[in-house]
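Here is what each chain is made of, one letter per residue.
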Amino acid sequence: MITDEIKKIDSSPGKVKEFGWVMAIFFGLLGCFWFWRGKPSSVIFLGTAAVFGALTLFARPVLKPLQKVWMMFAVLMGWLMSRVILGILFYLVITPIALFLRFTKKDLLDMKLDPSASSYWKHRANEPEARTHCERQF
């Protein structure tokens, strides 16, 4: 489950290098934005970007534990958010539709039992079975 995903985190040299550059670019862009806005905290972000860039170029093994922790955080966040989003979707979309259909007594699946029916078989109109019909199913 989630522990399996954490164990499968790829910390190969290429992934660590990619992580280092992504973090350097992210903090660099954030620092540039804050510098453009005239905030003194831009120096912190630009310095962090420079540190990530330097570590990526010269000391990549130092980034490996950081990358592992960051990816563990990403896996945990993905696990949590998928449940939150699916819960919101269920309770805000599917439940109101189901309540509306029950309120209006709609039976979209034809599941009502009819004691007077001899069979529940639905007869289809006879269509000629052409070869093109089988080849183009959709």
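Residues numbered from 1 in each chain as written. Predicted model: local features only at pLDDT ≥ 70, side-chain atom pairs only at ≥ 80, totals over all residues. Heavy atoms only, no water.

Draft legend 1. View of the overall build of the protein. Per the secondary structure count, the protein includes five helices and zero strands. Listing each helix as α and each strand as β along the protein from the N terminus yields α-α-α-α-α. For 138 residues, the compact-globule formula gives about 14 Å, and the C-alpha radius of gyration of the protein, at 29 Å, lies well above that figure. For the C-alpha atoms alone, the extent of the protein along its principal axes is close to 80 × 45 × 35 Å. Buried positions account for 14% of the 138 residues belonging to the protein. Considering only contacts in the protein between residues 6 or more positions apart, those separated by 24 or more positions represent 62%. When the accessible area of the protein is evaluated, it comes to approximately 12000 Å², of which 70% is carbon and sulfur surface. Averaging the locations of the 18 positively and 10 negatively charged side chains of the protein gives two centres separated by 13 Å. (Helix = DSSP H or I, 4+ residues; strand = E, 2+ residues; numbered from the N terminus. Rg over C-alpha atoms; globule rule 2.2 N^0.38 Å. Buried < 20%, exposed > 50% of the residue type's maximum accessible area, 1.4 Å probe, protein only. Contact = heavy atoms within 4.5 Å. Areas by Shrake-Rupley, 256 points an atom, 1.4 Å probe, with all protein chains shown as cover. Lys, Arg positive; Asp, Glu negative; His and termini not counted. Charge placed at Lys NZ, Arg CZ, Asp CG, Glu CD.)

Draft legend 2. Quick look at the pattern of salt bridges. Taken as a whole, this structure holds two salt bridges when the rule is applied. Measuring nitrogen to oxygen at the nearest pair gives 4.0 Å for the salt bridge that ties Lys15 to Glu18. Of the two residues, Lys15 and Glu18 both sit in helix α2 (residues 13-36), three residues apart, roughly one turn of that helix. For Lys15, a relative accessible area of 37% puts it in the partly exposed group. Where Asp110 meets Lys122, a salt bridge forms, and the shortest distance between an N and an O atom there is 3.8 Å. (Salt bridge = Lys/Arg side-chain N within 4 Å of Asp/Glu carboxyl O.)

Draft legend 3. Focus on unusual backbone geometry. Non-glycine residue Lys105 carries a positive phi angle of around 60°. Turning to its location among the elements, Lys105 is positioned in the loop between α4 (60-103) and α5 (131-135). Judged by its relative accessible area of 65%, Lys105 falls in the exposed class. With a phi close to 50°, Asp110 is a non-glycine residue in the positive phi region. Mapped onto the elements of the fold, Asp110 is located in the loop between α4 and α5. Residue classification places Asp110 among the exposed positions, given a relative accessible area of 53%.

Draft legend 4. Focus on α2. Taking 1.5 Å as the rise per residue, α2 with 24 residues should run 34 Å; its terminal C-alpha atoms sit 34 Å apart, in good agreement. Listing the buried residues of α2 in full gives Val16, Phe19, Gly20, Met23, Ala24, Phe27, Gly28 and Gly31. Considering only its buried residues, α2 is in contact with α3 (42-58) and α4. One or two steps after α2, the chain reaches Gly38, where phi turns positive at roughly 80°. (Expected span 1.5 Å × (residues − 1).)

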